[in-house]
Amino acid sequence: MSRLYTEADVFCDESGSVWVGKVFTVAGFEKWLAEQKLTRRLLYVVDHHTWSPADEPSSPLSFCNRVQGIGTNYYWKKKSDGGRGWTWGYMPQLWLAVIKGEPYVTVGTHPSWAAPQCTHFNKEGLGIETWWNGDRERWTHPIHYGLWRIHKALEAWAGIPLTRAVTGPTNTNMPSGKKGWLFHRDARDSNKSCPGWKNDHDDLLSAWREYEKEDDVTPDEVRKIIREEMEIVWSDTVDRDQAYLVEQEIISAPRAKGKAASVSYVDSLLARVLKKAVGETPDPR
Ligand SMILES: [Zn+2]
């Protein structure tokens, strides 16, 4: 019986076993990884997407169980039964899914064990599968952020920097000997779009650069960013969810389209949601 592991847990080294099968908060994963022995030469982090399934798991535990299910029903199933025929316990090492806006990490195969995930890069590489279809939609902020935290944890653990290991055209690259990350599709003979054509390297790098900056940002700067950037995002979300807000009796009628939602509007909306959550009736609006 598994459960969600957080930074409140105490961890020990599990590098003796191929299979881990645990789900963590990002902070929990960082703490767990720091306790693990690195018992192989690890140079590359390969970013993948699942493509299918890509629907949001209902809970962290369900996410973990579904990853194990992919092992049972696909990777470890006999080839004659439609599976891949791999030895039990071997699959991409790390899995990232966003559930209700929060990133979670499932560890499949232990990072100290090499596993099939990317031709030519298996022996010295480690795979991160994002639970996502990157051909349909580009990674969202929580995915970029989750990937950043995982890559930073791997940098601390194995000295793999957040720079690209290879930069040649899609489907051409061989191991360079230079530590870093790559997309699955960068590898020679991959013949894949993985992690999806909607994602590109520069997108990921520019998101990561922002997170590096935020590490030493002042409260005033945070407020400035919220004012300048978040209003547009909030506005989109609020516009899209008008019908839902009416249905939930948070507001009585949809607001005029095209009118940008200000911070104070979102703030008042939040107050109404909270009022409803404690069983009070929000004032008519
Ligand atoms: Zn892949």
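This text follows the structure it describes.
To start, this report covers the structure provided alongside it. (Residues numbered from 1 in each chain as written. Predicted model: local features only at pLDDT ≥ 70, side-chain atom pairs only at ≥ 80, totals over all residues.)

A few points about the pairing of strand β4 (residues 94-99)
In terms of burial, β4 is largely enclosed, as five of its six residues are buried. Relative to strand β5 (residues 102-109), β4 runs antiparallel, the two being bridged by six bridges. Residue pairing across strands places alanine 97 opposite tyrosine 104, the latter belonging to β5. (Buried ≥ 20, exposed ≤ 12 C-beta atoms within 10 Å, placed from the backbone. Helix = DSSP H or I, 4+ residues; strand = E, 2+ residues; numbered from the N terminus. Pairing = 2+ DSSP bridges.)

Description of unusual backbone geometry
Serine 52 connects to proline 53 through a cis peptide bond whose omega is 0°. That bond from cysteine 194 to proline 195 is cis: its omega, 5°, falls within 30 degrees of zero. The residue proline 195 is located in the loop between β7 (180-183) and α4 (201-214) in this model. Look at aspartate 189: it is not a glycine, yet its phi comes out positive at around 70°. Of note, aspartate 189 is situated in the loop between β7 and α4. The class of aspartate 189 is exposed, set by 11 C-beta atoms lying within 10 Å.

Let's talk about the nonpolar core
Judged by nonpolar contacts, the single largest core of 48 residues is most densely connected at Tyr44, Val45, Leu94, Leu96, Val105, Ile150 and Leu182. Per-element tally for this core: the top contributor is helix α3 (residues 141-158), with eight residues. Aside from chain neighbours lying at most four places away, what touches isoleucine 150 is Leu94, Leu96, Val105 and Ile128. (Core = buried A, V, L, I, M, F, W, Y, C linked by C-beta atoms within 7 Å. Contact = placed C-beta atoms within 7 Å.)

Focus on the sheet that holds strand β3 (residues 44-49)
Pairing between sheet strands relies on hydrogen bonds along the backbone, with the strands arranged either parallel or antiparallel. As summarised here, the arrangement of the seven strands in space is β1-β2-β5-β4-β6-β3-β7, forming an open sheet in which the pairing is mixed. Edge positions in the open sheet fall to β1 (4-5) and β7, since each of these has one partner strand only. The sheet contact formed by β3 and strand β6 (residues 125-130) spans six bridges and is parallel. Residue pairing in the sheet places valine 46 in a bridge with glycine 127 of β6.

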